[in-house]
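If you want the building blocks of each chain, they are given just below.
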Amino acid sequence: MSSNPTAAADDVNPLADPEDRPAPPAVFVIFGASGDLTSRKLMPAIERLAVRRLLPPGFAVVGVARTEMTDDDFRERMRELVEKGGGGGPEARHVWDSFVGAFRYVAGDYDDAATFDRLKEVLDELDRERGTAENRLFYLATPPSTFPTVINGLKDRGLSRSSSENAFSRIVIEKPYGHDLQSALELDRVVHEAFDENQVYRIDHYLGKETVQNVLALRFANATYEPIWNRRYVDHIQVTVAESLGVEHRGSFYEQAGALRDIVQNHVMQVLAMTLMEPPVTFDADGIRDEKVKALKAVEILDAEKVKTQVVRAQYTRGWVGGEEVAGYRDEEGVDPHSTTETYVAMKLKVDNWRWAGVPVYVRTGKRLPKRVTEVALQFHKVPHLPFHLKQVEDLEADSLVLRIQPDEGISFRFGAKIPGQAFRIRSVSMDFFYGAAFLEETPDAYERLLLDALSGDATLFIRSDEVQRAWRIVDPLLQAWENDDVPVAKYEAGTWGPREADELLEADGRRWRRP
Ligand code: NDP
Ligand code: BG6
């Protein structure tokens, strides 16, 4: 998380943090400019960065997609969606107006060489007219099937290489990065024929979340936690990524992905790596990513037998969520009525290293669970001896430390305390830290943070090639077993915490899932 050495601190804008540094001059090229991700995430992030004065005058945006639009149509469309998304206010409008003039649009198919010829012309014009200094950040907000075509198009036009030592050419690649290990390796081959690894920014928006980054702050900025962050004190770890939403309008996409590819291979593995990793020597891209890879390498690769006993896959059926009756997965639009795609996964993993030997990690994720919550919980060992009478211990659990990633971002420590009164009785209580209450600073959206990092050349919160490969190695055996139909698809009613089989997974070890 190095700062950008090319820019000075902004002491004028009240919204800017004194530590914030504006991006260098550049063109942000969005492949997929007419799509959902651009509307919902990328453009609002760009608007926020502009309003916070974190984009320099020499900044431009070029959209590329098939939909026919003029530059003005594109500007108008982007303005409308930013306003619809709650952007705006007189100051924001003023900033936007001065900035949207540098938006350009190239209509064309990625299969057509003329699209890239036109793109190159536009980039050269912007360098001359807007002072974008031949710096380019390409963003692949397109279906993954088009990634190789776009990358080859950029390579063939010489756009994947920087034009001089002082200029940069970088590429941000959206998830999913491949659909299994083999396809990820194949995509890496295509990427590396065009770009060097240090030009590649594989995005996982979970790494842009403040609370995911706070796992590092909690662990490595405090003397208290690291000494107990190991097998001697921790009994087991639970990682939960629960969503109350279903598959929304993305049924056909989800049919190909499922919870394992959509959430476990990327978001869960990243959060897990940050929880398990050793302290990095340096707080920079390679320092942190080296340790994350080492942690993922220690995660056991399950064989076919263990997939049967340590993994549960399931699908939601009709039920009630948030007071509303919702359809079962097989009745969702775009979903095969006989689909076996999982909307829920629970698994038990072993971590084969010195720190975590014998500490199971239980992971679960699912759609249509009772609420949206992402958390990491470290459950500590019980005390070796309780010097109290049984009657004195009223509802005492082992201590736990819960990192709440979303919502109600914060940290909660649960421990035993004396119940006030003449008698000596003990009960578990919580000590809670809430981000929102402790800090007045505004929390940037994950995409805002990650776009600024990519523009500034900081790859710390992006995923390196070996990390993606390792994460696929962990999930590949599950995909294979499921393809062979070795593991049945369990069912859970929408609005419940998952199938009975997931509870049994922990009960077999004498443990149970937390109720977040
Ligand atoms: P959409 O289907 O909404 O948009 C796809 C975009 O790609 C459109 O602008 C489309 O242009 C363009 N496109 C597709 N094929 C071509 C082609 N052959 N030539 C030119 N343009 C083409 O997808 P999303 O925005 O939902 O997703 C984009 C990427 O982001 C995917 O990789 C997805 O996995 C990833 N992602 C999306 C998330 C989301 O919430 N949407 C979340 C996380 C990741 P046109 O319509 O004009 O033809
Ligand atoms: C995306 C998945 O990567 O993450 C979606 O494709 C999921 O299916 C989303 O809903 C969850 O992100 P967040 O930030 O809402 O937890």
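Going by the structure above, here's the rest.
Residues numbered from 1 in each chain as written. Chains lettered and ligands numbered in written order. Predicted model: local features only at pLDDT ≥ 70, side-chain atom pairs only at ≥ 80, totals over all residues. Heavy atoms only, no water.

**Here we look at empty space enclosed by the protein**
Phase 1: This model, assessed by the stated rule, comprises three cavities of 30 Å³ or more.
Phase 2: By volume, the largest cavity is sized at about 120 Å³.
Phase 3: Lining of the largest cavity is provided by 14 residues; of these, Y177, Q265, N266, I463 and V468 occupy positions nearest its centre.
Phase 4: Listed by contribution, the elements that provide at least two residues to the lining of the largest cavity are α8 (251–276) and α13 (465–483).
Phase 5: Taken together, the residues that form the lining of the largest cavity break down as six nonpolar, three polar and five charged. (1 Å grid on protein atoms, 1.4 Å probe; cavity = no way out; pocket = protein on both sides within 12 Å on 5 of 7 lines; lining within 4 Å. Points joined across faces, edges and corners; volume = space filled by probe spheres on them. Helix = DSSP H or I, 4+ residues; strand = E, 2+ residues; numbered from the N terminus. Nonpolar A, V, L, I, M, F, W, Y, C, P; charged D, E, K, R; others polar.)

**Examining the layout of surface pockets**
Phase 1: Size it by volume and the second largest pocket reaches roughly 720 Å³.
Phase 2: Along the walls of the second largest pocket sit 29 residues, with Q379, E397, A398, R512 and R514 positioned nearest its centre.
Phase 3: Secondary-structure elements contributing two or more residues to the lining of the second largest pocket are β7 (234–242), β13 (373–380), β14 (400–406) and β15 (410–418).
Phase 4: It is β13 that provides the largest number of residues to the lining of the second largest pocket, a total of four residues.

**Thoughts on the pairing of β7**
Phase 1: Within β7, nine of the nine residues are buried, which leaves the element mostly enclosed by the surrounding structure.
Phase 2: Here β7 pairs with strand β12 (residues 361–366) via six bridges, running parallel. If you follow V239 over to β12, its bridge partner there is V363. (Buried < 20%, exposed > 50% of the residue type's maximum accessible area, 1.4 Å probe, protein only. Pairing = 2+ DSSP bridges.)

**Points about the side chain of R289**
Phase 1: Among the secondary structure elements, R289 is positioned in helix α9 (residues 285–298).
Phase 2: Of the side chains with opposite charge, D286 lies nearest to the buried R289, which makes no salt bridge, at 4.1 Å.
Phase 3: Contacts of R289, omitting those with residues within four sequence positions, involve A459, T460, F462, I463, R464 and E467. (Lys, Arg positive; Asp, Glu negative; His and termini not counted. Salt bridge = Lys/Arg side-chain N within 4 Å of Asp/Glu carboxyl O. Contact = heavy atoms within 4.5 Å.)

**With respect to the site of ligand 2**
Phase 1: In the vicinity of ligand 2, the residues found are K175, H205, Y206, K209, E243, R250, D262, H267, K367, R372 and Q406.
Phase 2: Contact between ligand 2 and Y206: an oxygen atom at 2.6 Å from a side-chain N or O atom of the residue.
Phase 3: D262 is positioned with one of its side-chain polar atoms (N or O) 2.6 Å from an oxygen atom of ligand 2.
Phase 4: Contact with the protein chains hides 80% of the accessible area of ligand 2, taken as 390 Å² for the molecule alone.
Phase 5: Looking at side-chain class alone, the shell around ligand 2 contains one nonpolar, three polar and seven charged residues. (Near = heavy atom within 4 Å. Polar contact = N/O pair within 3.5 Å; in protein donor to acceptor, adjacent residues only side chain to side chain. Areas by Shrake-Rupley, 256 points an atom, 1.4 Å probe, with all protein chains shown as cover.)

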